[in-house]
Amino acid sequence: MTQWLAQVGELPIGVLMGALGLVMVFDAVPLLGVLVPGDVAILAAVGVGRPATGLATFVAVLAGCLAGWSLSFLAGRRYAEHLRRSRIGAWIGESRWSAAEGILHRGGGRMMMVAPFLPVFNALLPLAAGGLRMSYRRFLACATVGGAAWAGLYLALGTASRSLAGLLPGSPSPLLVTMAVGLVLAAVVLLGARRRLRVV
């Protein structure tokens, strides 16, 4: 697998970033986001990428997230009640719907700044924000700040982990070290965010 990913890393930057952006769109969609690990995709992109791809990775992640969240927001604006009563709504769970609305009522658009750090809720909050008739301009501004912070965090963790791989004995795979260390550090950050917000 490592060898296959190394070959992927040799692809043109435009192709890699386009694929990463598409993964981020799927990651931002309710239900699909659970199946598409966006954090792993970012760390893998850093692991197989080149130093010059840092900014491109950041832009691809942010653009993909905003596109996916905007689609969820617009779907919520038009179909929120129908979706909530549908089979999709049942899969998401009424408790999560209520929790997402509670988060937005408590913190408003500012909660979209921390939404990327909340697994499951990162995809559900835009849908709920649309259903609650939040201003799209306010939603987009807050989502941009949150998405930039999330992308920057994972990019920094991935870059630091990749650098660490070069210092370890035995010349371990930069990709494996990047993903392992990045996921461990990110898990600590995400757990802290969840506890701070007291989201179940």
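So, how was this worked out
Residues numbered from 1 in each chain as written. Predicted model: local features only at pLDDT ≥ 70, side-chain atom pairs only at ≥ 80, totals over all residues. Heavy atoms only, no water. Helix = DSSP H or I, 4+ residues; strand = E, 2+ residues; numbered from the N terminus. Buried < 20%, exposed > 50% of the residue type's maximum accessible area, 1.4 Å probe, protein only. Contact = heavy atoms within 4.5 Å. Areas by Shrake-Rupley, 256 points an atom, 1.4 Å probe, with all protein chains shown as cover. Patch = residues over 30% accessible without salt bridge, like charges linked within 9 Å, V, L, I, M, F, W, Y side chains within 5 Å. Salt bridge = Lys/Arg side-chain N within 4 Å of Asp/Glu carboxyl O. Core = buried A, V, L, I, M, F, W, Y, C linked by side-chain atoms within 4.5 Å. Axes fitted to C-alpha atoms, helices over the stretch in contact; angles between N-to-C directions. Left-handed = near helix turned anticlockwise from the far one by under 90°. Nonpolar A, V, L, I, M, F, W, Y, C, P; charged D, E, K, R; others polar.

Caption draft 1: Structural context of the overall build of the protein. Helix and strand counts for the protein stand at 10 helices and 0 strands. Mapped from its N terminus to its C terminus, the protein presents α and β elements in the order α-α-α-α-α-α-α-α-α-α. Burial status across the protein gives 46% buried among its 200 residues. The long-range share in the protein, meaning contacts at least 24 apart out of those at least 6 apart in sequence, stands at 76%. A total accessible area of about 10,400 Å² is found for the protein, and carbon and sulfur atoms account for 68% of it.

Caption draft 2: Region of the structure containing the environment of Ala 123. Structurally, Ala 123 is set in helix H8 (residues 121-131). Considering only alpha carbons, one finds Ala 123 and Leu 32, 91 residues apart in sequence, at a separation of 8.8 Å.

Caption draft 3: Broad picture of a nonpolar patch on the surface. On the surface, a nonpolar cluster with roughly 260 Å² of combined accessible area is contributed by Leu 22, Phe 26 and Leu 32. Tracing the backbone through its elements, the reader meets Leu 22 in helix H2 (residues 13-27).

Caption draft 4: Representation of the nonpolar core within the structure. If you look at the biggest cluster of nonpolar residues, it comprises 40 residues, and the most contacted ones within it are Leu 20, Met 24, Val 61, Leu 125, Phe 139 and Trp 150. Leaving out residues up to four positions away in the same chain, Met 24 has contacts with Gly 38, Ala 41, Ile 42, Ala 60, Val 61, Gly 64, Cys 65 and Trp 150.

Caption draft 5: A look at the packing of H2 against helix H5 (residues 54-85). At a minimum axis separation of 7 Å, H2 and H5 run at an interaxial angle of 35°. The interaxial crossing formed by H2 with H5 has right-handed handedness. Across the interface between the two elements, Ile 13, Met 17, Leu 20, Gly 21, Met 24 and Val 25 of H2 pack against Ala 56, Thr 57, Ala 60, Val 61, Gly 64, Cys 65, Ala 67 and Gly 68 of H5. Across the contact of H2 with H5, the residue classes tally to 10 nonpolar, 4 polar and no charged.

Caption draft 6: Structural detail: unusual backbone geometry. The backbone of Arg 133 sits at a positive phi, close to 65°, despite the residue not being glycine. Mapped onto the secondary structure, Arg 133 falls in the loop between H8 and helix H9 (136-165).

Caption draft 7: Fine view of H8. Of all 11 residues in H8, 10 are buried; the element is thus mostly enclosed. Every buried residue belonging to H8 is among Phe 121, Asn 122, Ala 123, Leu 124, Leu 125, Pro 126, Leu 127, Ala 128, Ala 129 and Gly 130, and all of these are buried. Downstream of H8 by one or two residues, Arg 133 has phi in the positive range, about 65°.

Caption draft 8: Summary view of the environment of Ala 141. Tracing the backbone through its elements, the reader meets Ala 141 in helix H9. Distance in space between the C-alpha atoms of Ala 141 and Arg 110 is 9.3 Å, their sequence separation being 31 residues.

Everything listed is a geometric property; what it means functionally is a separate question.
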